[in-house]
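Per-entry structural report
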Amino acid sequence: MSTHINAKLGDIADIVLLPGDPLRAKYIAETFLENPVCYNQVRGMSGFTGTYNGVRVSVQGTGMGMPSLSIYVNELLRFYDVKKLIRVGSCGAMKPHVKIRDIILAQGASTTSNMNNRRFGSVNFAAIADFELLHETYMTAKSNGMKVHVGNILSEDSFYEDYNSNRNAKLVDYNILAVEMEAAELYTLAAKYDASALCVLTVSDSLVTQEETTAEERERTFGEMIKLVLDTVTK
Ligand code: ADE
């Protein structure tokens, strides 16, 4: 049992999906997993373990933003020996060719977060996805006929930014596909603890067109993304 996760060693699978929203964790467990068992309710941050294709998989809510995700991912890595962590979340499109409802595999996560400044000082650590996990997910998507974008994203500290349009224009120029709030910390911690991590995102809104997906669309594309991830990690 760790400070924020009320589970015994062995209650959590080697493979963990990480939605930000704990209600999404419950939805994933109840919709996609067989025999889901809830192992955590501390602070309402639900965690479940079940099976998919006969393989044990857990789903753990992380909350929003890197400081919150960092608590759960640290505990999963330090105390529960988790080996594969896949964030399943949403993002805002920054490049015009990235459309709402599209899926992104985040190859790298640039960040405005102070967390890595505190860790690394003047070094700009490149927070990157695990190559095999990225490659396998990409190949599953291709063989299922799904179109995915692969590239660099931005992990921001705040959702309600006073967006500096010049800064965003520069990031777009340098091929940043989309913005979210957690991946850089996930990739950094996975590197430290020798685990594999990937962030898979559905585009919920566009900073280019100001469009937003409806709740119904979000649920459908979210389901497609979860199936892609579960099919990949249980192969
Ligand atoms: N997650 C989904 N949309 C986002 C946005 N526009 N900015 C940051 N995180 C997001």
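Treat the numbers as computed from the prediction; the structure is a model and nothing was measured. Per-chain numbering applies: the sequence of each chain, read as written, is numbered from 1 onward. Per-residue local features of the predicted model are confined to residues with pLDDT of at least 70, and side-chain atom pairs are confined, for both listing and counting, to 80 or more; whole-chain, interface and lining totals are unaffected and use all residues. Each side-chain value is worked out from all heavy atoms of the structure, with water and hydrogens disregarded.

**Digging into the packing of helix α4 (residues 131-143) against helix α7 (residues 215-233)**
At a minimum axis distance of 9 Å, the contact between α4 and α7 shows a crossing angle of 115°. Crossing of α4 over α7 shows right-handed handedness. Residues L133, E136, T137, T140 and A141 of α4 form the contact with α7, whose own contacting residues are L228, D231, T232 and V233. Polar here means any residue other than Ala, Val, Leu, Ile, Met, Phe, Trp, Tyr, Cys and Pro, which are nonpolar, and Asp, Glu, Lys and Arg, which are charged; Gly is therefore polar. Class assignment of the residues belonging to the contact of α4 with α7 gives a composition of four nonpolar, three polar and two charged. For helices, the axis comes from a line fit to the C-alpha atoms of the stretch in contact; other axes are also lines fit to C-alpha atoms, and the angle between any two N-to-C directions lies between 0 and 180 degrees. A helix here means a DSSP run of H or I that spans at least four residues, while a strand means a run of E at least two residues long, and both kinds are numbered starting from the N terminus. By convention the crossing between two helices is left-handed if the near helix lies anticlockwise of the far one by an angle smaller than a right angle, and right-handed if it lies clockwise. Here, residues are in contact when the closest pair of their heavy atoms is within 4.5 Å.

**Remarks on the environment of S204**
Counting through the fold element by element, S204 comes out in strand β10 (residues 196-206). Here the alpha-carbon distance between S204 and K99, two residues 105 residues apart in the chain, equals 9.0 Å. Apart from the residues within four sequence positions on either side, S204 is in contact with S90, C91, I100, E211, E212, T213 and R218.

**Quick look at the UniProt feature "active site" (unreviewed entry) in the protein chain**
In the numbering used here, UniProt assigns the "active site" (unreviewed entry) feature to D205. Mapping D205 onto the fold places it in strand β10. In contact with D205, not counting residues within four places along its chain, are C91, G92, A93, I100, E211 and E212. UniProt positions are given in the numbering used here, feature names are shortened, and annotations may be inferred rather than shown by experiment.

**Remarks on the site of the ligand**
Being near a molecule or strand, for a residue, comes down to having at least one heavy atom within 4 Å of it. Around the ligand there are 11 residues in total, and S90, C91, G92, S204 and D205 lie nearest to it. Think of a polar contact as two N or O atoms within 3.5 Å of one another; within protein, one of them needs to be a possible hydrogen donor and the other a possible acceptor, and neighboring residues in sequence only count if both atoms come from side chains. For the ligand, a nitrogen atom lies 3.3 Å from a polar atom in the backbone of G92. D205 is positioned such that a nitrogen or oxygen atom in its side chain is 2.7 Å from a nitrogen atom of the ligand. Areas reported here follow the Shrake-Rupley algorithm with a probe of radius 1.4 Å; residue values treat only the protein chains shown as occluding. Relative to its unbound accessible area of 260 Å², the ligand is 91% covered by the protein chains. We place a 1 Å grid over just the protein atoms. Points where a 1.4 Å probe fits but has no way out form a cavity, open points with protein on both sides within 12 Å along at least 5 of 7 lines form a pocket, and any residue with an atom within 4 Å of a point lines it. A molecule is said to be in a cavity or pocket once over half of its atoms fall within 2 Å of that pocket's grid points. With respect to the detected pockets, the ligand is housed in the largest pocket.

**Side note on the state of the cysteines**
Throughout, disulfides are identified as pairs of cysteine sulfur atoms within 2.5 Å of each other. Following the criterion strictly, the structure yields zero disulfides and no others. Between C91, a cysteine without a disulfide, and C199, which holds the nearest cysteine sulfur, the sulfur-to-sulfur distance is 7.9 Å.

**What to know about the pairing of strand β2 (residues 34-40)**
The pairing criterion for strands is at least two bridges between them, as found by DSSP. By the bridge criterion, four bridges tie β2 to strand β3 (residues 47-52) in an arrangement that is antiparallel. Each bridged residue has a counterpart across the sheet, and for E34 the counterpart in β3 is T51. Connecting β2 to the antiparallel partner β3 that follows it, the hairpin turn spans six residues, and R43 within it adopts a positive phi of roughly 55°.

**Things to note about helix α6 (residues 183-192)**
Each residue is placed in one exposure class: buried if its accessible area under a 1.4 Å probe, protein chains only, is under 20% of its type's maximum, exposed if it is over 50%, and partly exposed if it falls in between. For α6, the buried fraction is high: eight of the 10 residues fall into the buried class. Regarding α6, the residues found buried are A183, A184, E185, L186, Y187, T188, L189 and A190. One or two steps after α6, the chain reaches D194, where phi turns positive at roughly 55°.

**Side note on the layout of surface pockets**
As a volume, the largest pocket reaches approximately 830 Å³. S90, C91, F159, S204 and D205 are, among the 31 residues lining the largest pocket, the residues nearest its centre. Those elements that provide at least two residues to the lining of the largest pocket are β5 (84-93), β9 (178-180), β10 and α7. The element best represented in the lining of the largest pocket is β5, accounting for six residues. Along the lines of polarity and charge, the residues of the lining of the largest pocket split into 11 nonpolar, 10 polar and 10 charged. Taken together, A109, S110, T111, T112, S113, N116, N117, V123, N124 and F125 form the lining of the second largest pocket. For the lining of the second largest pocket, the elements supplying multiple residues, two or more each, are β6 (103-111) and α3 (114-120). Grid points are joined across faces, edges and corners, and a volume is the space filled by probe spheres set on the points.

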